[in-house]
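One letter stands for each residue in the lines below.
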Amino acid sequence: MAARKGTRSTNVPKEELLEFYRSMLLIRRFEEKAGQLYGMGLIGGFCHLYIGQEAVVVGLEATANAGDQRITSYRDHGHMLACGMDPRGVMAELTGRAGGYSKGKGGSMHMFSKEKEFYGGHGIVGAQVPIGTGLAFANRYRANDAVSFTYFGDGSANQGQVYESFNMAALWMLPVIFVIENNQYAMGTAQRRSTSTPNLHSRGKAFGIPGEEVDGMDVLAVKAAGAKAVRHCRAGKGPYILEVKTYRYRGHSMSDPAKYRTREEVQKVREERDPIDHVRQILLTGKHAGEDDLKTIDREIKDIVNDATEFARESAEPTAAELWTDVYDEAV
């Protein structure tokens, strides 16, 4: 796979390319393992995998500063790993163990990290968008120069609360980047069948919010667009919309057989547009790394994922007393 048009791979340092490769590969291998554990009955409830969409969050995290926040939907494991959350804690939470980020009480869709400014993981479609807007309001109020990365999908883009958030963000010039992860399918319905406008980023025009479409299978393109959006927000110009065109290889969730699309469609994207293979080819053709170097990275990533899995399996289940903790926030 040749470098995509518009990516300036020759200007990207070797270390940055390798970090992109490692980060995306970690998400891919972690999600593959999560899928296996779900099949074994070790992960309960819902489980939405991020396989195929890795370039979106990895590219945008490359533009974030310390203090910036991120919030997303139920397809959230990739965002956790990309912002630096410990794979051990994430996997332990997926398996409902006390060593998890929410002490085994949140599961796949509801884990958080104050340390990494990760505010969920939300199971209700579109519910995270007003919360992400609220984070941006707090940033503006405190004048702290921080930006809220608020992720949601093409299905959520049709929710009314999204437009209420657009209105308030534009009215108050809030530093929020609305990231529409358009993976082409809202649950089992193709975007072209559920959305009246082909370009979701244009939905902000009525509110005066600028936006653009980005190739979400190209981490370099995502980073470039993200940097532009971040500059816009930090300059006090208000919100920005990024419609990141990506693709999920698996079903909507682990219980989805994905019969609404053909295997040939999925395979074509895998062969021609895979985001990890894209960076791999740049590394190899640019002689930034050899096959042996990339195999070494792959082994290191597998070791990290296996270690996280063992940690999760060995971690204790939460006690009954945990039912009564973290219910209220104690007043100071």
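Check the entry above for the structure.
Not measured: the values here are computed from a predicted model.

Peer 1: Please give an account of the overall build of the chain that cites residues and values.
Peer 2: Helix and strand counts for the chain stand at 11 helices and 7 strands. Against the globule reference of 20 Å for 332 residues, the chain gives a C-alpha radius of gyration of 19 Å, in line with a compact fold. If one aligns the C-alpha atoms of the chain with their principal axes, the spans along those axes are about 55 × 50 × 40 Å. For the chain, the share of sequence-separated contacts (at least 6 apart) that also reach a separation of at least 24 residues comes to 74%. If you sum the accessible surface of the chain, you get close to 15,500 Å²; carbon and sulfur atoms cover 51% of it. Side chains of the chain carry 42 positive and 43 negative charges; the gap between the two charge centres is 5 Å.

Peer 1: For the packing of aromatic side chains, give the residues involved together with the corresponding values.
Peer 2: Applying the stated rule across the entire model yields 9 aromatic pairs. Ring plane angle 80 degrees and centroid distance 6.5 Å describe the contact between Tyr-185 and Tyr-247, whose orientation is recorded as edge-to-face. On the criterion of sequence distance, the pair formed by Tyr-185 in strand E4 (residues 185-186) and Tyr-247 in the loop between strand E7 (240-245) and helix H9 (263-273) is long-range, its members being 62 residues apart. Its relative accessible area of 6% is what places Tyr-185 among the buried residues. Taking the relative accessible area as the measure of exposure, Tyr-247 reaches 5% and is therefore buried.

Peer 1: Provide a residue-level description of the packing of helix H1 (residues 14-39) against helix H8 (residues 219-234), including the pertinent values.
Peer 2: Put simply, H1 and H8 touch, their axes get as near as 11 Å, and they point 105 degrees apart. Classified by the angle between their axes, H1 and H8 sit roughly perpendicular to one another. Together, Glu-16, Leu-17, Phe-20 and Met-24 of H1 and Val-219, Leu-220 and Lys-223 of H8 make up the contact between the two elements. Its residues placed into classes, the contact of H1 with H8 shows 5 nonpolar, no polar and 2 charged.

Peer 1: I'd like a description of the pattern of salt bridges, backed by residues and values.
Peer 2: Per the counting criterion, the structure on display carries 16 salt bridges. A salt bridge links Lys-223 to Glu-16, with the shortest nitrogen-to-oxygen separation between them at 2.2 Å. In this pair, Lys-223 is assigned in helix H8 and Glu-16 in helix H1, connecting sequence segments 207 residues apart. For Asp-326, the salt bridge is made with Lys-105, and the minimal N-O distance between the two is 3.0 Å.

Peer 1: Describe the nonpolar core, with residues and values.
Peer 2: Counting residues in each nonpolar core, the largest one holds 67 residues, and the members touching the most others are Tyr-21, Leu-60, Ile-177, Val-219, Leu-242 and Leu-283. At 11 residues, H1 tops the list of elements feeding residues into this core. Judged by nonpolar contacts, the second largest core, of 15 residues, contains Val-129, Ala-157, Val-176 and Phe-178.

Peer 1: I'd love a proper account of the packing of H1 against helix H2 (residues 54-61), names of residues and values included.
Peer 2: The description of two helices packed together rests on the angle between their axes and the distance between the axes. Contact pair H1 / H2: the axes reach a minimum separation of 10 Å and the direction vectors enclose 135 degrees. Between H1 and H2, the interaxial angle falls into the category oblique. Pair H1 / H2 crosses with right-handed handedness. Each of Phe-20, Ser-23, Met-24, Ile-27 and Arg-28 in H1 lies in contact with H2, whose residues at this interface are Glu-54, Ala-55, Val-57 and Val-58.

Peer 1: I'd like a rundown of the pairing of strand E6 (residues 211-215), residues and numbers included.
Peer 2: Both faces of the sheet carry side chains from a regular strand, because those side chains alternate between them. By the alternation rule, side chains of E6 split into Glu-212 and Val-214, which are all buried, and Gly-211, Glu-213 and Asp-215, of which none is buried. In this structure, E6 lies alongside E7, joined through 5 bridges in parallel fashion. Counterpart to Gly-211 in the pairing with E7 is Ile-241. Handedness of the β-α-β unit built from E6, H8 and E7 comes out right-handed.

Peer 1: Which residues make up helix H6 (residues 160-171), and what values go with them?
Peer 2: Taking 1.5 Å per residue, 12 residues should reach 16 Å; H6 reaches 17 Å between its end C-alpha atoms and fits that length. Of all the residues in H6, the buried ones are Val-162, Ser-165, Phe-166, Ala-169 and Ala-170. In an axial view of H6, the angular spread of the buried residues amounts to 125 degrees, which keeps them on one side of the axis. Looking at H6, the residues exposed on the side facing more than 90 degrees away from the buried face are Glu-164 and Leu-171. Each element contacted by the buried residues of H6 is listed here: helix H5 (128-142), strand E2 (148-153), strand E3 (176-182) and E7. A positive phi of about 55 degrees marks Met-173, the residue just after H6.

Peer 1: Explain the layout of surface pockets residue by residue, including any values.
Peer 2: Put simply, the largest pocket is a space of about 350 Å³. Lining the largest pocket are Tyr-101, Ser-102, Lys-103, Phe-112, Ser-113, Lys-114, Phe-118, Tyr-119, Asp-326, Val-327, Tyr-328 and Asp-329. Partitioning the lining of the largest pocket into residue classes produces 6 nonpolar, 2 polar and 4 charged.

Rules used throughout
- Residues numbered from 1 in each chain as written.
- Predicted model: local features only at pLDDT ≥ 70, side-chain atom pairs only at ≥ 80, totals over all residues.
- Heavy atoms only, no water.
- Helix = DSSP H or I, 4+ residues; strand = E, 2+ residues; numbered from the N terminus.
- Rg over C-alpha atoms; globule rule 2.2 N^0.38 Å.
- Contact = heavy atoms within 4.5 Å.
- Areas by Shrake-Rupley, 256 points an atom, 1.4 Å probe, with all protein chains shown as cover.
- Lys, Arg positive; Asp, Glu negative; His and termini not counted.
- Charge placed at Lys NZ, Arg CZ, Asp CG, Glu CD.
- Phe/Tyr/Trp six-rings, centres within 6.5 Å; stacked < 30°, edge-to-face > 60°.
- Buried < 20%, exposed > 50% of the residue type's maximum accessible area, 1.4 Å probe, protein only.
- Axes fitted to C-alpha atoms, helices over the stretch in contact; angles between N-to-C directions.
- Parallel < 35°, antiparallel > 145°, perpendicular 65-115°, else oblique.
- Nonpolar A, V, L, I, M, F, W, Y, C, P; charged D, E, K, R; others polar.
- Salt bridge = Lys/Arg side-chain N within 4 Å of Asp/Glu carboxyl O.
- Core = buried A, V, L, I, M, F, W, Y, C linked by side-chain atoms within 4.5 Å.
- Left-handed = near helix turned anticlockwise from the far one by under 90°.
- Pairing = 2+ DSSP bridges.
- Right-handed = clockwise from strand over helix to strand, strands pointing away.
- Expected span 1.5 Å × (residues − 1).
- Arc of directions from axis to C-beta.
- 1 Å grid on protein atoms, 1.4 Å probe; cavity = no way out; pocket = protein on both sides within 12 Å on 5 of 7 lines; lining within 4 Å.
- Points joined across faces, edges and corners; volume = space filled by probe spheres on them.

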